[in-house]
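Commentary on secondary and tertiary structure
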Amino acid sequence: MSDLAISAPQLQCFSVISNPPRLVPGTAERDWMDFTNQRFAYRCTPLTMANTTGWELLNPTGFWATWTGLNGKDEVILRPDDPRASMHHVSLGFGHGIITFHPGYLFRTAPGWMTWARGAPNRLKHGIQALDGLVETSWVPFTFTMNWKFTEPGTVYFAKDEPFCFITLVPSLPIESVQPVTRPLADEPQLEREYNIWLSERTKFNIGLAQGDPITLEQKWQKNYLVGKSPSGRTVADEDHRTKRSLKPPVHADKLEGGDIAKMPAQVMPAFESEKPVPAIVMRQAFPSFQSVFGMPPHEPTQLPKSAEPSHAPSQKPAKSPRSKKAPSGSGSQTGRTGKTSKPKK
């Protein structure tokens, strides 16, 4: 697939066992955030947005896990709350203090999209760390595993309904075309002025908090990011700006009647009716955040004329020719029986 085209995001969850773990939208709440002074942690919009931008797989039964500190596969001992409870979703195949969870689903995304599997964002767990993995779920006909590694010998507890895996979708290729550029802030005078205004206001606000200024204390926190405006008001967030997010819960295919698809932007509808990817320009018009990826103004036509195609873009096949599938490269894999801890493909 050309890096100038991307399919509309889709996520199909095929259960591979009769009673897979529950899959639910991510929630903003965290225990440690609840216990911060006046719950101030929830004032950080980027923090709560990260918590809710994906779906959680919930642990079906509570259990304790103890690692002796040795590397053998038998050096982790599992003790379920209920000795009669099934532990089919957990295994110990790697050793080295690694616990493996099996999501119970084969996830399938549209061409151009990958699944990022990780621990629930900003959810802390002492003594053990979730391992992230990016999986090419647009083509793989098998499942992946979610792995946690002890950071030190000891015992941890996974409660019933605690998320053991968090999945979200990311585009596969656009990141590869990004060229980070460093330069002095003075190169952008307007941006520098906006930054200096913000820095001055921020400094005054922090001094006011430290000195107990009543007006500052009543304000509680600066809300520039929340309202999507710089202190001067000259820099304003685009229509993609969000302060809260609530994703859709999974629905069984038998209950789909096209209602959810109809709510998608009209430009994206063809992606659900054809296997051909929607041009990035169309996606950009439907989702303005794509502008930052492809760098094109929103008023361009929905299809690039041949003369405007980038010189590095691959030649297009006739419309009647089927789109070839890219063969996976390398012999390593993060998925299947080896889990996400095996060597990456690249």
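Residues numbered from 1 in each chain as written. Predicted model: local features only at pLDDT ≥ 70, side-chain atom pairs only at ≥ 80, totals over all residues. Heavy atoms only, no water.

Looking at the pattern of salt bridges
This is how the line gets drawn: Whenever Lys or Arg places a side-chain nitrogen within 4 Å of a carboxyl oxygen from Asp or Glu, that contact is recorded as a salt bridge. Only protein chains enter the calculation, and the probe is 1.4 Å; a residue is then buried if its accessible area is under 20% of its type maximum, exposed if over 50%, and partly exposed in between.
Evaluated as defined, the whole model comprises five salt bridges. Two residues, Lys 160 and Asp 161, come together in a salt bridge whose shortest N-O distance is 3.6 Å. Taking the relative accessible area as the measure of exposure, Asp 161 reaches 34% and is therefore partly exposed. Here the salt bridges share partners, and the residues they tie into one network are Arg 22, Lys 160 and Asp 161.

Looking at helix H2 (residues 45-52)
Cut-off, in case you're wondering: Labels follow the DSSP assignment, with helices taken as runs of H or I lasting at least four residues and strands as runs of E lasting at least two, numbered in each case from the N terminus. Only heavy atoms matter for contacts: two residues are in contact if any of them lie within 4.5 Å across the pair.
Counting buried residues along H2, six of its eight residues qualify, which places the element largely inside the surrounding structure. Along H2, the positions that sit buried rather than exposed are Thr 45, Leu 47, Thr 48, Met 49, Asn 51 and Thr 52. Considering only its buried residues, H2 is in contact with helix H1 (31-34), strand S15 (163-171) and helix H5 (224-227).

Some remarks on helix H3 (residues 189-211)
The condition that has to hold: Given the number of residues in a helix, its expected span is that number minus one, multiplied by 1.5 Å.
For H3, spanning 23 residues, the distance from its first C-alpha to its last is 33 Å, which sits close to the expected 33 Å at 1.5 Å a residue. For H3, the full list of buried residues reads Glu 194, Phe 205 and Gly 208. Of the surrounding secondary structure, the elements contacted by the buried residues of H3 are helix H4 (214-219). Gly 212, located one to two residues past H3, shows a positive phi value of around 75°.

What to know about the environment of Ser 86
Keep this limit in mind: Pairs of N or O atoms within 3.5 Å make up the polar contacts considered here, provided that, within protein, one atom can donate a hydrogen while the other can accept it, and that residues adjacent in sequence are counted only when both atoms are side-chain atoms.
Tracing the sequence through the fold places Ser 86 in the loop between strand S6 (76-80) and strand S7 (90-91). Sequence-wise, Ser 86 and Thr 61 are 25 residues apart; in three dimensions their C-alpha atoms are separated by 7.9 Å. At 2.5 Å, the side chain of Ser 86 and the side chain of His 88 are in polar contact.

Observations regarding the confidence of the model for the chain
Test applied: On a scale of 0 to 100, pLDDT captures the predictor's confidence in every residue.
Confidence in the prediction for the chain averages 79 pLDDT; 73% of positions are at 70 or higher. Below pLDDT 50 for its whole length, residues 259-269 participates in 18 contacts with residues either more than four positions away or in separate chains.

Observations regarding the sheet that holds S15
Condition: Any two strands with at least two DSSP bridges between them are considered paired. Note on geometry: axes are lines fitted to C-alpha atoms, helical ones only across the stretch in contact, with angles between N-to-C directions running from 0 to 180 degrees.
The strand order across the open sheet built from five strands is S3-S4-S15-S10-S12, with neighbouring strands paired in antiparallel fashion. Single-partner strands in this sheet number two, and they are strand S3 (23-25) and strand S12 (133-135). Recorded for the sheet is a direction-independent mean angle of 30° between the axes of neighbouring strands. With three bridges connecting them, strand S10 (residues 113-118) and S12 associate as antiparallel partners.

Section: the pairing of strand S8 (residues 98-101)
Burial of the side chains of S8 extends over both faces: Ile 98 and Thr 100 are buried on one face and Ile 99 and Phe 101 on the other. Judged from the two bridges that link them, S7 and S8 form a sheet pairing that is antiparallel. Looking across to S8, one finds that Val 90 is bridged to Phe 101. Bridging between S8 and strand S13 (residues 146-150) involves four bridges; their strand directions are antiparallel. Its bridge partner being in S13, Ile 98 is matched across the sheet by Lys 149.

Digging into the nonpolar core
Convention followed: Among buried residues, those of type Ala, Val, Leu, Ile, Met, Phe, Trp, Tyr and Cys that are joined through side-chain atoms within 4.5 Å constitute a nonpolar core.
Membership of the largest hydrophobic core comes to 27 residues, with the highest contact counts inside it found for Ile 99, Phe 101, Trp 148, Phe 150, Phe 158 and Ile 167. Residue assignment for this core shows that the elements contributing at least two residues are strand S4 (55-58), strand S5 (63-67), S8, strand S9 (105-109), strand S11 (128-130), S13, strand S14 (154-158) and S15. If near-sequence neighbours (up to four positions away) are discounted, Trp 148 is found in contact with Gly 97, Ile 98, Ile 99, Phe 101, Gly 119, Lys 125, Ile 128, Gln 129, Ala 130, Phe 158, Pro 163 and Phe 164.

Regarding the sheet that holds S14
On the basis of which strands lie adjacent, the open sheet formed by three strands has the order S6-S5-S14 and antiparallel pairing. Edge positions in the open sheet fall to S6 and S14, since each of these has one partner strand only. Strand-to-strand, the axes of this sheet are offset by a mean angle of 20°, without reference to chain direction. Relative to S6, S5 is paired through five bridges, and the arrangement is antiparallel. Across the sheet, Phe 63 pairs through a bridge with Pro 80, a residue of S6.

Description of the pairing of S10
When S10 meets S15, the two strands line up antiparallel, connected through six bridges. Bridged to Trp 116 within S15 is Thr 168.

Comments concerning a nonpolar patch on the surface
Put simply, the test is: Patches draw on residues past 30% relative accessible area with no salt bridge. Two like charges within 9 Å are joined, as are two nonpolar side chains (Val, Leu, Ile, Met, Phe, Trp, Tyr) within 5 Å. Note on areas: Shrake-Rupley with a 1.4 Å probe; residue coverage comes only from the protein chains shown.
Taken together, the side chains of Leu 185, Leu 191, Tyr 195, Trp 198 and Leu 199 present a nonpolar region at the surface, about 430 Å² in accessible area. With respect to the secondary-structure elements, Leu 199 resides in helix H3.

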